[in-house]
Amino acid sequence: MLYLAVKAIISALIIVAVSELAKRSPAMAALLASLPLVSVLGMIWLWRDVPDPERIAAHAEATFWYVLPSLPMFLLVPALIRRGVDFYPALGAGLVLTVSLYLLTAAIVSRFGVQL
C-alpha cells in the first residue's frame, strides 16, 4: 500500500511540475511532459490555470518536437540490455542519447523558426 502511495505521489508531483513549469516555459514543460498522459494532464491543468490559447499551442507544439528525439532511447536501451549491458548503464546511455538529441533537435528546428 505504501508503494502505491509513493507512486501516486511521485506521479502527481511530475504532473504538477509540468503544469506549473508551463506557466513560465512551455518548452521546458514539454521536455518534462514527454509522456502523452502527462502532456494531456499538463495541458488540461495549464488551461484551467491560464486559459491562453497561444500558451497551450506553444506547449503542444514543443511537446511534439521533444517527443521525436526521445524515441531512439526506446531502441537503444533494449538493444544494450540484450547485449548484456546492465539496466542502469543502459538507461544512462539512453538518457545521454536523448539529451543529446534534444539539444540537436532544438538547434535544427530553430533554424526553421520553431522556438523551443
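What counts, and where the lines are drawn
Residues numbered from 1 in each chain as written. Predicted model: local features only at pLDDT ≥ 70, side-chain atom pairs only at ≥ 80, totals over all residues. Heavy atoms only, no water. Helix = DSSP H or I, 4+ residues; strand = E, 2+ residues; numbered from the N terminus. Buried < 20%, exposed > 50% of the residue type's maximum accessible area, 1.4 Å probe, protein only. Contact = heavy atoms within 4.5 Å. Areas by Shrake-Rupley, 256 points an atom, 1.4 Å probe, with all protein chains shown as cover. Lys, Arg positive; Asp, Glu negative; His and termini not counted. Charge placed at Lys NZ, Arg CZ, Asp CG, Glu CD. Phe/Tyr/Trp six-rings, centres within 6.5 Å; stacked < 30°, edge-to-face > 60°. Salt bridge = Lys/Arg side-chain N within 4 Å of Asp/Glu carboxyl O. Patch = residues over 30% accessible without salt bridge, like charges linked within 9 Å, V, L, I, M, F, W, Y side chains within 5 Å. Axes fitted to C-alpha atoms, helices over the stretch in contact; angles between N-to-C directions. Parallel < 35°, antiparallel > 145°, perpendicular 65-115°, else oblique. Left-handed = near helix turned anticlockwise from the far one by under 90°. Nonpolar A, V, L, I, M, F, W, Y, C, P; charged D, E, K, R; others polar. UniProt positions renumbered as here; feature names shortened; annotations may be inferred.

A.B. asks: Please clarify how the overall build of the protein chain should be interpreted in this entry.
C.D. replies: Each helix and strand in the protein chain was counted, giving 6 helices and 0 strands. Helices (α) and strands (β) of the protein chain occur, in sequence order from the N terminus, as α-α-α-α-α-α. Its C-alpha atoms give the protein chain principal-axis dimensions of about 50 × 50 × 15 Å. Residues counted as buried form 26% of the 116 residues belonging to the protein chain. Counted over contacts in the protein chain with a minimum sequence separation of 6, partners at least 24 positions apart contribute 61%. Carbon and sulfur atoms make up 73% of the accessible area of the protein chain, which amounts to about 7,700 Å² in all. Distance from the positive charge centre (8 side chains) to the negative charge centre (6 side chains) of the protein chain: 8 Å.

A.B. asks: Would you explain the packing of aromatic side chains in this entry?
C.D. replies: The geometry of two aromatic rings is summed up by the distance between their centres and the angle between their planes. Within this structure, the stated rule accounts for 3 aromatic pairs. Ring plane angle 80° and centroid distance 5.0 Å describe the contact between F64 and W65, whose orientation is recorded as edge-to-face. On the basis of relative accessible area, F64 is assigned to the partly exposed category, the value being 46%.

A.B. asks: I keep staring at the pattern of salt bridges and nothing clicks. Help me out?
C.D. replies: Evaluated as defined, the whole model comprises 2 salt bridges. K23 is the salt-bridge partner of E20, the closest N and O atoms lying 3.1 Å from each other. Highlighted residues: E20 and K23, both in helix α1 (residues 2-24), separated by 3 residues, approximately one helical turn. By relative accessible area, E20 is classed as partly exposed at 31%.

A.B. asks: Would you explain a nonpolar patch on the surface in this entry?
C.D. replies: A cluster of nonpolar side chains, namely V16, V40, I44 and W45, defines an oily patch on the protein surface of about 310 Å² accessible area. The biggest single contributor to the nonpolar patch is helix α3 (residues 36-49), with 3 residues. Mapping V16 onto the fold places it in helix α1.

A.B. asks: Sorry, what's going on with the packing of α3 against helix α4 (residues 53-70) here?
C.D. replies: How two helices sit against one another is set out by the angle between their axes and by the gap between those axes. At a minimum axis separation of 10 Å, α3 and α4 run at an interaxial angle of 165°. On the basis of the axis angle, α3 is roughly antiparallel to α4. Where α3 crosses over α4, the handedness of that crossing is right-handed. Across the interface between the two elements, S39, M43, L46 and W47 of α3 pack against P53, R55, I56, H59, A60 and T63 of α4. Taken together, the residues that form the contact of α3 with α4 break down as 6 nonpolar, 3 polar and 1 charged.

A.B. asks: Would you explain the UniProt feature "transmembrane region" (unreviewed entry) in the protein chain in this entry?
C.D. replies: If you check UniProt for "transmembrane region" (unreviewed entry), the listed places come out as residues 29-50, 62-81 and 87-109 in our numbering. Helix makes up 90% of residues 62-81 and strand 0%. Its end C-alpha atoms lie 30 Å apart. With 100% helix and 0% strand, residues 87-109 has end C-alpha atoms that lie 32 Å from one another.

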